[in-house]
Amino acid sequence: YAAKTGHLRQVAYDPRLDQHNPHRLGLLGQLRRAITGGELVVFYQPKADASSGAILGAEALVRWQHPEHGLLAPNEFIPLAETTGLIRQLTSYVLATALRDCRAWRDAGHDVSVAVNVSARCLLDLELPVEIQRLTEEHEVPTDRLIVEITESVIMSDPNRALEVLNRLHALGVRLAIDDFGTGYSSLAYLKNLPVQELKVDRSFVTHMRERESELAIVRSTVDLGHNLGMHVVAEGVEDAATWQELSALGCDEIQGYFLGRPMPAGDVIGWLGSHRALSSAQS
Ligand code: C2E
Ligand code: MG
Ligand code: MG
Ligand code: MG
């Protein structure tokens, strides 16, 4: 049931993930098997042009179809993967799956991109650009149709190494996005030096921007900042039409959120893209 509707178990604290919990080792073994045994599932959430509503792409969001616990949200296992090094295998799996699926969407006549979330730890690995080049070639997806979403935290860990990896990705033609922008501590001076084309305003500012003046101010300033740095600005967490309209008026380039579409199983994407296209051409 959960896999079909996309309902996720969301728990704030799960003792199974506690570093000191004896069950953690068990879960770690299960996660290792999950990655190789096909229990990871990639859902996709669409992104649209803010003014026309045209679909520009979709973001890959991983879930774990756990045999006993049901469909687990990434917050329940990504942190464990990140502290153990399993994140590298998980990222490889999601990248390969997302590029294969993007190939299928493009074959079905949708010129869309795919975005993949890549943890800071993976951005310290010079193998990542090599792997991404190989995968884009294998699946025949133009490199500029892949967006790698990173968070500001990448900047804190090992800035020089991360910058080297980001520069190599940029040289390949891959697009880079800063995810959850506004929640980290990156300095604007550093941001200006990153080869990034896209800023994603964090959902926490977007969802209530119409009720709270301070959040509206943050969104407005971020749109201006991004544009002044030559970046595309994307708002995540758009839950209603009025917020979409307001973002469009502020000059925000793209929107993403439950109002446009929730993350959906891969098998639903082509149908969704087709009906969205039919709907928007009927309206214009
Ligand atoms: P994110 O990349 O910022 O993704 C957006 C999250 O917000 C997703 O949660 C999405 O389902 C949720 N969301 C989207 N629109 C709305 C909305 O309108 N309202 C609300 N309330 N929520 C919305 P999800 O899928 O649980 O993912 C959580 C985080 O897990 C992601 O945040 C990302 O940081 C991480 N993640 C997901 N997949 C991967 C992956 O393959 N690798 C890595 N390293 N991290 C991943
Ligand atoms: Mg993201
Ligand atoms: Mg985000
Ligand atoms: Mg987020």
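Residues numbered from 1 in each chain as written. Chains lettered and ligands numbered in written order. Predicted model: local features only at pLDDT ≥ 70, side-chain atom pairs only at ≥ 80, totals over all residues. Heavy atoms only, no water.

Looking at an unreviewed UniProt entry, one finds the protein chain named EAL domain-containing protein, with Dactylosporangium salmoneum as its source organism.

**Side note on the pairing of strand β8 (residues 232-235)**
Two faces make up the sheet, and in a regular strand the side chains alternate between them. Where we set the bar: Any two strands between which DSSP finds at least two bridges are classified as paired. Numbering of helices and strands starts at the N terminus; helices are DSSP runs of H or I of at least 4 residues and strands are runs of E of at least 2. By convention, orient the strands away from the viewer: a clockwise path from the first strand over the helix to the second makes the crossover right-handed.
Judged from the four bridges that link them, strand β7 (residues 198-201) and β8 form a sheet pairing that is parallel. Note on β8: the bridge partner recorded for L199 is V233. Tracing the backbone out of β8, into helix α11 (residues 241-250) and back to the parallel element strand β9 (residues 254-255) gives a crossover that is right-handed.

**Comments concerning the site of ligand 1**
Which entries qualify depends on this criterion: Neighbouring residues are identified by heavy atoms, a residue being near a molecule or strand if any of them is within 4 Å of it. N or O atoms within 3.5 Å of each other form a polar contact, as long as, within protein, one can give a hydrogen and the other can take it, and as long as residues adjacent in sequence are counted only when both atoms are side-chain atoms. In this description, accessible areas are obtained by the Shrake-Rupley approach with a 1.4 Å probe, and a residue is regarded as covered only by the protein chains that are shown. Basically, the charged four are Asp, Glu, Lys and Arg, the nonpolar ten are Ala, Val, Leu, Ile, Met, Phe, Trp, Tyr, Cys and Pro, and anything else, Gly included, counts as polar.
For ligand 1, the set of nearby residues contains 21 residues, the closest of which are R63, S119, D179, E239 and Y258. Taking S119, its side chain carries an N or O atom lying 2.9 Å from a nitrogen atom of ligand 1. In this structure, an oxygen atom belonging to ligand 1 sits 3.4 Å away from a side-chain N or O atom of E236. When the free accessible area of ligand 1 is taken as 800 Å², the share hidden by the protein chains comes to 87%. Looking at the shell around ligand 1, the elements with two or more residues in it are β2 (55-66) and β6 (175-181). Looking at which element gives the most residues to the shell around ligand 1, the answer is β2, with four residues. Its residues assigned to classes, the shell around ligand 1 shows eight nonpolar, six polar and seven charged.

**Focus on the environment of D107**
Keep this limit in mind: A simple rule labels every residue: compare its accessible area, found with a 1.4 Å probe on the protein chains alone, to the largest value its type can have, and call it buried under 20%, exposed over 50%, or partly exposed in between.
Residue position: D107 is located in helix α4 (residues 86-107). Relative accessible area serves as the criterion here: at 55%, D107 is assigned to the exposed category. Sequence separation of D107 and R88 is 19 residues, and the distance between their C-alpha atoms is 29 Å.

**Some words on the coordination of the magnesium ion (ligand 3)**
Any two of four tetrahedral donors ideally make an angle of 109.5 degrees at the metal, while pairs among six octahedral donors ideally make 90 or 180 degrees. Let me state the cut-off plainly: Coordination here is defined by N, O and S atoms within 2.8 Å of the metal (3.2 Å for Na, K and Ca), and since water is not considered, a site can look incomplete.
The protein atoms donating to the magnesium ion (ligand 3) are D179 (OD), D180 (OD) and E236 (OE), with metal-donor distances spanning 1.9 to 2.7 Å. Between consecutive donor residues of the magnesium ion (ligand 3), the sequence gaps follow D-D-x55-E. Separating the magnesium ion (ligand 3) from the magnesium ion (ligand 2) is a gap of 3.6 Å, which D179 spans by donating to each of them. Within this pair, whereas D179 is found in strand β6, its partner E236 is found in the loop between β8 and α11, the two being separated by 57 residues in sequence. Residue class for D179 comes out buried when judged on its relative accessible area of 7%.

**A word on the packing of aromatic side chains**
Under the convention used in this document: Here a Phe, Tyr or Trp ring, Trp counted by its six-membered ring, pairs with any other such ring whose centre lies within 6.5 Å, and the pair is stacked when the planes are under 30 degrees apart, edge-to-face when over 60, and tilted otherwise. Distance and angle both matter: a charge sits over a ring if NZ of Lys or CZ of Arg is within 6 Å of the ring centre and within 35 degrees of the ring normal.
Applying the stated rule across the entire model yields three aromatic pairs. Judged by centre distance (4.8 Å) and plane angle (90°), the rings of Y44 and W105 are edge-to-face. In this pair, Y44 sits in strand β1 (residues 40-49) while W105 sits in helix α4, placing the two residues 61 residues apart along the sequence. By relative accessible area, which is 1% here, Y44 ends up buried. Considering the side-chain rings of W244 and F259, the 6.0 Å spacing of their centres and the 80° angle between planes classify their relative orientation as edge-to-face. Here W244, found in helix α11, pairs with F259, found in the loop between β9 and β10 (264-265); they are 15 residues apart in sequence, far enough to count as distant. On the basis of relative accessibility, which here comes to 16%, the residue W244 falls in the buried class. It is R63 that lies over the ring of F43; its NZ or CZ is 5.2 Å from the centre.

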